[in-house]
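# A structural walkthrough
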Amino acid sequence: QYQYYQYSPVYSAPLVSTRPDLSYVFNYPYNVLRTPGGEPWCPAASANQPPLFQCKPAIRCSPWFIELLYNPWWCTAADGSFGACCPDILKTTSSVARFPESSKLTAMPRDITKDEMSRAVTVARQHVEEISAFEWHAWTNMLAPWQNSAAYSYSATTYASLIGQQEGWKGLQSVEASRKLANVLKLEPKYAGFALQHLCVKETALSSICRAQPACNASALYRTYDASCNNLAYPNWGRSNSPLERILPPQYADGIWAPREWPGLPPVDTVSRIVQDVDYPDNQLTITVMHWGQLVAHDITHVPTFLNNSAIQCCTGDGKYLSPERTHPLCFPIDVDHDNEFYSQFGVSCHDFVRSVVAPREDCKFGYADQLNQNTAYLDASVIYGSTEKVARSLREYAGGRMRVTVIGGDYVVLPVDPDRKDCISDEYGSQCFVAGDQRVNQYTGLTVLHIVWLRLHNKYANQLALVNPQWDDEQLYQETKKIVSALVQHITYNEYLPSVLGPNLMEEYGLLPLSTGYTYTYDPAVKAQITNEFATAAFRYGHSLIRNYNELWLDDTYSHYGGELYLKDWFNNPKVLFDPVIFNALLRHFITGTAQNFDENVADAVHHYLFKSPYQSWGLDLIGANLWRGRDHGIAGYNFYLEACGSKRAANFDELLAFMRPTVVEKIKYLYKSVDDVDLFVGVLGEWSIKGGIVGPVTSCIMADQFARLKDGDRFFYENGKQPHSFTPGSNSPNLKIFLVPTGFYSVYEFGQGTVRHIRHSRLDDPQRVLDSIPNV
Ligand code: HEM
Ligand SMILES: [Ca+2]
């Protein structure tokens, strides 16, 4: 029943390997290293034999989980706990910046006159006003998705916040003006988006759309709410509501913003139909790997969709096309094949889909469209605290450094409920939505549970800090706690999550492994810690393959009372069950013991056919189709181009893809795509062979490792970063200091982060009961 990862027969190393990997560590003759009594022991430190091995609490050896699984090397750690022998990481060096920004500026065919420029701007503005006017038309004709439809829930979790909307309308003006200019200059699509970058928006009537640079306080001890000023030279880098970065230039049909759509490109529904729901539980990963991935995704990226007065409707309630005059100009509905095995049962031919918000370009030049990231790009726990000052402030209690909570029955603590947010499905309790640092908190019950755990953890630490630091006021308690909590989120991600996904070799190569002791000094202000479009739109959506259809509910800690299943498809955008502590605890138990689905091209029906299904419908939307369509909406180039960017040769034909992708996928797509260059990037993400020791494949891991190297080396506040005014101080045994320092590497989350679900692998490395015991109630 269990599947092992499928490694490529041909291919097993990272695409570009410029530095030695750590595999020699595991060729170490460990089985000779035993005491005469047969007890395993760890070799002593030795100068000529780095890296040094040590017996540590097992969780600190989690980057080497796979090696430990096959070559168990257990020992007793100094604190008497169950330990493992693994290398010490004393220094990391990153090979980040693989994708140096290549200047693709092409010459302008001729100069443009002031008059032509201002005419283009005027026409663009008129066009944007017409779009706006449609809103009024939609409003008066009651054109909006029905509140109990999948389309409505989809919009509820993806629509733009107020700032996102404002930036979006600015971005739209710049994009529309670029389109007009490309027409005036008769620029070919291939060059238009580049040539126009010679022209500054600032010098036109649109100058007010350009974002100002905030003034920074270089000695500030804490992160700003919106991540501005993290990079002192480029204070807008990684800031919320700024444009995504790109690894490769886009391939828009018109060179500016028309979706990647040309003759021969197969409909995304046809491509999505190669995906099936086959139940292969993973033999190594708990379902927490899936959840943690989603939480990380929601910390670092949220590309919202357009919205004005209300949610935008693109199809009728029963999945048919609207007439053109009733279709919103920012709709980009998905065509469902008439012979789709699933949707044809319900006569569905149209899936709601709204285009992503575009932002004014970072340099405020004209040119191709870049999409907006509404969240802070840094892994700074914004998923818990918010990505803007307004949201962050609305979540604080303003007493004792704590966050607002809802307390039910005296001691059951959940997230605050927002009486103004009416977009969740819930009957018994009315429409009750939780609020958190990220807007998508209600998307799925499991995700909401993680939000609650972290909220409680914040308040637990704030209370502890207040005890040892009675002189601290609310502000200092909040900021110090937030600093510790964001350090934990980073540590868990780099110590436990990423090694599972990328494998230890790539972790080493990109300098991503947490140190065993001391600080890192790899912070480099030239590293741009923005999220890449390829990462958000394709690579990091790999996690959709790990989703399972249901959670098993065990009602007590001895796992003897089974309470049935909680089906994902029944609980989208509906947090109602979490008002019951029994369900909350049962879900946590499942996080620890339940398996994720195996990573492959099979995806759970819960998201492939029932995404955002409401209780009043028998079908939902298709996340796989949406991922593919989103890639085209963002103009993401084909998989083949990323093979090249990651250091390989482009595949000349479909057979050459077999070195990178599983034959089960290649055999199907070769009949769908005309050219191997057309294959959508997300198809490659799902279809690639796993790299050794990791989950994802060669190109996906290349895009992901680059991203997480940016988020480490480009983050001035990265928890391990030393020699900064805000750096954590090293650990100390002094009782007063112990709590509020996160000494880099000296403590693992195991010792420090009691109360977090940070349990990535199966029980070999950890004791589930201990994790459960440590989840704080308050
Ligand atoms: C129950 C689980 C999940 C559900 C229901 C879900 C649903 C969604 C939806 C509806 C979108 C927006 C699609 C679009 O319109 O483009 C999305 C985007 C995304 N998902 Fe998931 N997802 C889940 C789990 C995950 C996991 C496990 C990961 C990663 C490990 C992940 C990573 C992402 C990323 C990176 C995006 C793009 C976010 C952005 O930039 O706005 N998701 N997901
Ligand atoms: Ca963030």
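This structure is a prediction, so every number in the text was calculated from the model and none was measured. (Residues numbered from 1 in each chain as written. Chains lettered and ligands numbered in written order. Predicted model: local features only at pLDDT ≥ 70, side-chain atom pairs only at ≥ 80, totals over all residues.)

### A word on the overall build of the protein chain
We apply this condition: Numbering of helices and strands runs from the N terminus, with a helix taken as a DSSP run of H or I at least four residues long and a strand as a DSSP run of E at least two residues long. Exposure is read from a count of other C-beta atoms within 10 Å of each residue's own; the residue is exposed at 12 or fewer, buried at 20 or more and partly exposed in between. C-beta atoms are placed from the backbone. Our contact criterion uses C-beta atoms placed from the backbone: two residues qualify when those atoms are within 7 Å.
Summing up its helical and strand segments, the protein chain has 22 helices and 14 strands in all. Burial status across the protein chain gives 54% buried among its 778 residues. Long-range contacts, defined as pairs at least 24 residues apart, comprise 76% of the intrachain contacts of the protein chain with a sequence gap of at least 6.

### Some details on the environment of Asn442
Positionally, Asn442 belongs in the loop between strand S11 (412-414) and helix H11 (445-468). Here Asn442 falls in the buried class, since 30 other C-beta atoms lie within 10 Å of it. Between the C-alpha atom of Asn442 and that of Ala156, which follows or precedes it by 286 residues, the distance is 9.4 Å. Residues in contact with Asn442, not counting those within four places in the same chain, are Cys424, Cys433, Phe434, Thr448, Asn573 and Pro575.

### A word on helix H3 (residues 114-140)
As a reminder, the rule being used: Helix span, expected: 1.5 Å multiplied by one less than the number of residues in the helix.
Along its 27 residues, H3 runs 39 Å from first to last C-alpha, staying within 8% of the 39 Å computed at 1.5 Å per residue. Taken as a whole, H3 has its buried residues at Met117, Ala120, Val121, Ala124, Val128 and Ala138. Contacts from the buried residues of H3 go to helix H5 (162-184). Downstream of H3 by one or two residues, Met142 has phi in the positive range, about 50 degrees.

### Some remarks on the site of ligand 1
As a reminder of what qualifies: By definition, a residue lies near a molecule or strand provided its backbone-derived C-beta atom is within 6 Å of it. Gly is placed with the polar residues, together with every amino acid not listed as nonpolar (Ala, Val, Leu, Ile, Met, Phe, Trp, Tyr, Cys and Pro) or charged (Asp, Glu, Lys and Arg).
Of all residues adjacent to ligand 1, which total 22 residues, the nearest are Gly293, Thr301, Ala536, Gly543 and Arg630. Broken down by secondary-structure element, the contributors of at least two residues to the shell around ligand 1 are helix H8 (287-300) and helix H16 (623-633). When residues in the shell around ligand 1 are grouped by element, the largest group, 4 residues, is from H8. For the shell around ligand 1, the per-class residue count stands at 12 nonpolar, 8 polar and 2 charged.

### Quick word on the nonpolar core
As a reminder of what qualifies: The nonpolar core criterion groups buried Ala, Val, Leu, Ile, Met, Phe, Trp, Tyr and Cys residues into a set whenever they are joined through C-beta atoms within 7 Å.
The biggest cluster of nonpolar side chains holds 195 residues, and the ones touching the most others in it are Val485, Leu512, Tyr642, Met704 and Ala705. The greatest single-element share of this core, amounting to 15 residues, is contributed by helix H12 (residues 474-509). Apart from residues lying up to four places away in sequence, Ala705 is in contact with Leu502, Leu506, Tyr510 and Leu512.

### Description of the UniProt feature "binding site: heme b" (unreviewed entry) in the protein chain
So the rule is basically this: UniProt positions are given in the numbering used here, feature names are shortened, and annotations may be inferred rather than shown by experiment.
In this numbering, the UniProt entry assigns the feature "binding site: heme b" (unreviewed entry) to His544. Tracing the chain through its elements places His544 in the loop between helix H13 (533-537) and strand S12 (550-554). Judged by C-beta crowding, with 24 C-beta atoms within 10 Å, His544 ranks as buried.

### Section: H16
Among the 11 residues of H16, 11 are classified as buried, and the element is accordingly described as predominantly covered. Those residues of H16 that fall on the buried side of the exposure criterion are Leu623, Ile624, Gly625, Ala626, Asn627, Leu628, Trp629, Arg630, Gly631, Arg632 and Asp633. Two residues or fewer after H16 comes Gly635, characterised by a positive phi angle close to 70 degrees.

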